[in-house]
Amino acid sequence: MVIHPLPLLRRYCRHELLPLLADLRLAIGLLLAIALLSALGTVIEQEETVAFYQAHYPEHPALFGFLTWRLILKLGLDHVYRTPWFLALLILFGSSLAACSFTRQWPMLKVARRWSYLTRPSSFQRLPFWAYLPQRSLEGLPQRLRQRGYAVFEEGSRLYARKGLIGRFGPILVHVSLLLILLGAIWGSIGGFKAQELIPSGGVAAIEHVTGAGDLAHLPTWQIRVNRFWIDYAPDGRVKQFYSDLSILDGGQEVKRQTISVNHPLSYRGVTLYQADWGIDSIRIRLNNSPSFQIPVVPVPTQAGSKLWGAFVPTRPDLSEGLTLLLPDLQGTALLYDTQGQWVGSLRQGMSLALDEVAPQRFPNPLTLHLDEVIGATGLQMKSDPGIPLVYLGFGLLMLGVVMSYFSYSQVWALETEAGLYLGGKTNRALVTFEREFAHLVEQQLLSSPPSPAKELNPAARVSGTESLANG
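Scope of this entry: the structure provided in the associated data block. (Residues numbered from 1 in each chain as written. Predicted model: local features only at pLDDT ≥ 70, side-chain atom pairs only at ≥ 80, totals over all residues. Heavy atoms only, no water.)

**Focus on the overall build of the chain**
Reasoning step 1: Helix and strand counts for the chain stand at 12 helices and 21 strands.
Reasoning step 2: Rg of the C-alpha trace for the chain: 38 Å, well past the compact-globule value of 23 Å for 472 residues, more than 25% over.
Reasoning step 3: Each of the three principal axes of the chain carries a C-alpha extent, and together these read 135 × 65 × 50 Å.
Reasoning step 4: Buried residues in the chain amount to 41% of all 472 residues.
Reasoning step 5: In the chain, of all internal contacts separated by at least 6 residues, the share reaching a separation of at least 24 is 57%.
Reasoning step 6: Entry remark: accessible area of the chain is about 26900 Å², with carbon and sulfur atoms responsible for 59%.
Reasoning step 7: Across the chain, the mean location of the 41 positive side-chain charges is 14 Å away from that of the 36 negative side-chain charges. (Helix = DSSP H or I, 4+ residues; strand = E, 2+ residues; numbered from the N terminus. Rg over C-alpha atoms; globule rule 2.2 N^0.38 Å. Buried < 20%, exposed > 50% of the residue type's maximum accessible area, 1.4 Å probe, protein only. Contact = heavy atoms within 4.5 Å. Areas by Shrake-Rupley, 256 points an atom, 1.4 Å probe, with all protein chains shown as cover. Lys, Arg positive; Asp, Glu negative; His and termini not counted. Charge placed at Lys NZ, Arg CZ, Asp CG, Glu CD.)

Pasting the structure below:
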């Protein structure tokens, strides 16, 4: 006897695996786990350096008594959304949604699309709303139902009507939209990247300093040129806005140019460039009538955590003597100190300072320092998320599916007999509205369809009709 594994596998998937995945308790548990891990990814800073986590999550004392930088790095909490176990949870939750749609939502839709007639009066008594109208017929009922938006099906003395079938598509569309959102999140995690670059004004750089990337991420080959970087300051010295005039160079040719600022990024081929930081790269100075030369500046740590940059400005060709120049911002106000830490003077961008006049003991010979330019650097954050279109499409379909789910799916049955008309109906929501509609439908049928003089009404039928109408 030969046993074929494929039929056994199909039977197992249909009767064992699909019901397990479609279990509501499993879906709720997975959703809670995903929400908890997402909250951890929000609270714990993501894609930072090891030094950052060592400084903010030390081992002694550990945060909450157990959360240290070693545990964060070991569990991958520094990049929660790209860890294999988080992606596995998303895939399992998506499989649960798909199984629920396949085993429950889709069969319910198929049943809703079919119509069936009630052929026995006793079947109407099992409906939430029903009525018995003695000596009444189906005459005029189909037209009234169509006026209320029902699709009507007739076969002899039997009638079936329904409306709101779109409401049955709503839950399926919600599941499809959630699957698209999950698929977009997974694709963005494995195919996206984040990077940061500090580019001086007038400089050109490629995307190289990657802070986080998925296994299938591809860095672009085009470059970024900073045509100009500047800052708008308020009268009190506060920063109002950062601006970067950027050009995208693809193959050495400018293909796009745009001025970006905070909350106004530039997008090119799926990569978005944000204005994230700023700094000072270098200064251009002259001594007396010398040519202008460029000196790099370096960040200077301060106890208050404020930004400060410093540079060594030589005052002799052999670099044996010089001044320390400090810059707090791009407004160009520089402070000068000698080697003993004594303040010498200050000057602004485009201005000059005669050192022999302000410090004649240190500079007996004529020496004038010209600060021609303070060259700023823009801090750009680059982000690529190829799953964003799927996520946006999923959210759009989700809103549409939620709206569709609010449509009530209502059904009406009618059966004409020799003694009278049986009328019944049910709905999945808005019971009060449907009850009023059903009562109005019964009232119209009673008023517009007078009893036939050819039919004899017995007392038992009158009592049954009264009780049924009261129940309806």
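**Points about the packing of aromatic side chains**
Reasoning step 1: Here the structure, examined in full by the defined rule, presents 14 aromatic pairs.
Reasoning step 2: Aromatic pair Trp230 and Tyr243: ring centres 5.3 Å apart, planes at 15°, arrangement stacked. On the criterion of sequence distance, the pair formed by Trp230 in strand 7 (residues 223–233) and Tyr243 in strand 8 (residues 239–250) is long-range, its members being 13 residues apart.
Reasoning step 3: With relative accessibility at 22%, the residue Tyr243 sits in the partly exposed group.
Reasoning step 4: A connected cluster of aromatic rings, assembled from ring pairs, spans Phe52, Tyr53 and Tyr57. (Phe/Tyr/Trp six-rings, centres within 6.5 Å; stacked < 30°, edge-to-face > 60°.)

**Let's talk about empty space enclosed by the protein**
Reasoning step 1: Here the structure, examined in full by the defined rule, presents one cavity of 30 Å³ or more.
Reasoning step 2: Quantified by volume, the largest cavity comes out at close to 40 Å³.
Reasoning step 3: Every residue lining the largest cavity is listed: Leu145, Arg148, Tyr150, Val412, Phe434, Glu437, Phe438 and Leu441.
Reasoning step 4: Counting residues per element, the lining of the largest cavity draws most heavily on helix 11 (residues 431–448), which supplies four residues.
Reasoning step 5: Residue composition of the lining of the largest cavity, by class: six nonpolar, no polar and two charged. (1 Å grid on protein atoms, 1.4 Å probe; cavity = no way out; pocket = protein on both sides within 12 Å on 5 of 7 lines; lining within 4 Å. Points joined across faces, edges and corners; volume = space filled by probe spheres on them. Nonpolar A, V, L, I, M, F, W, Y, C, P; charged D, E, K, R; others polar.)

**With respect to the nonpolar core**
Reasoning step 1: Ranked by size, the top nonpolar core spans 47 residues in total, and within it Ile224, Leu273, Trp278, Ile283, Leu336 and Leu355 carry the most contacts.
Reasoning step 2: No other element matches the seven residues that strand 11 (residues 271–287) contributes to this core.
Reasoning step 3: Excluding anything up to four places from it in sequence, Trp278 contacts Leu198, Phe229, Ile231, Tyr233, Phe242, Lys307, Trp309, Pro328, Asp329, Leu330, Ala377 and Gly379.
Reasoning step 4: Counting residues in each nonpolar core, the second largest holds 20 residues, with Leu30, Leu77, Val80 and Leu97 among its members. (Core = buried A, V, L, I, M, F, W, Y, C linked by side-chain atoms within 4.5 Å.)

**Some remarks on the side chain of Ser189**
Reasoning step 1: When you line up the elements, Ser189 lands in helix 8 (residues 166–191).
Reasoning step 2: Look at Ser189 and you get buried, because its relative accessible area is 12%.
Reasoning step 3: At 2.9 Å, the side chain of Ser189 forms a polar contact with the backbone oxygen of Tyr81.
Reasoning step 4: Ignoring anything within four residues of it in the chain, the contact list for Ser189 reads Tyr81, Arg82, Leu87 and Gly214. (Polar contact = N/O pair within 3.5 Å; in protein donor to acceptor, adjacent residues only side chain to side chain.)

**Some remarks on the sheet that holds strand 20 (residues 410–416)**
Reasoning step 1: Across the sheet, five strands lie side by side as 1-21-20-3-2; this open sheet has antiparallel pairing. The open sheet has two free edges, formed respectively by strand 1 (129–134) and strand 2 (151–155), since each of these has just one partner strand. Within the sheet, the average angular offset between the axes of one strand and its neighbour, ignoring direction, is 10°.
Reasoning step 2: Of the pairings in the sheet, the one linking strand 3 (residues 158–163) to strand 20 comprises six bridges and is antiparallel in character. Following the sheet pairing, Leu159 is matched in strand 20 by Ala414. (Pairing = 2+ DSSP bridges. Axes fitted to C-alpha atoms, helices over the stretch in contact; angles between N-to-C directions.)

**Quick notes on the pattern of salt bridges**
Reasoning step 1: This model, assessed by the stated rule, comprises 12 salt bridges.
Reasoning step 2: The salt bridge involving Lys307 is made with Asp277; its shortest N-O contact spans 2.7 Å. With Lys307 in the loop between strand 13 (298–299) and strand 14 (309–314) and Asp277 in strand 11, this pair connects stretches of sequence that are 30 residues apart.
Reasoning step 3: Residue class for Lys307 comes out partly exposed when judged on its relative accessible area of 34%.
Reasoning step 4: With a relative accessible area of 38%, Asp277 lands in the partly exposed category.
Reasoning step 5: The residue Glu373 makes a salt bridge to Arg284 at a minimum N-O spacing of 3.7 Å. Highlighted residues: Glu373 in strand 19 (residues 368–384) and Arg284 in strand 11, separated in sequence by 89 residues.
Reasoning step 6: Accessibility expressed as a relative area gives 35% for Glu373, which makes it partly exposed. (Salt bridge = Lys/Arg side-chain N within 4 Å of Asp/Glu carboxyl O.)

**Considerations on the layout of surface pockets**
Reasoning step 1: Counted as a void, the largest pocket has a volume near 710 Å³.
Reasoning step 2: For the largest pocket, the lining is made up of 28 residues, of which Tyr81, Ala185, Gly188, Ser189 and Asp385 are closest to its centre.
Reasoning step 3: Looking at the lining of the largest pocket, the elements that each hand over two or more residues are helix 2 (24–43), helix 5 (84–113), helix 8, strand 4 (193–200), strand 6 (210–213), strand 19 and helix 10 (388–405).
Reasoning step 4: Top contributing element to the lining of the largest pocket by residue count: helix 8, with seven residues.

**Let's talk about the sheet that holds strand 17 (residues 343–347)**
Reasoning step 1: One open sheet accounts for five strands, arranged 13-14-15-16-17; its pairing is antiparallel. Two strands close off the open sheet at either side, each with one partner strand: strand 13 and strand 17.
Reasoning step 2: As judged from the three bridges shared by strand 15 (residues 322–327) and strand 16 (residues 334–337), these two strands associate in the antiparallel manner. Bridge assignment links Leu325 to a residue of strand 16, and that residue is Leu336.

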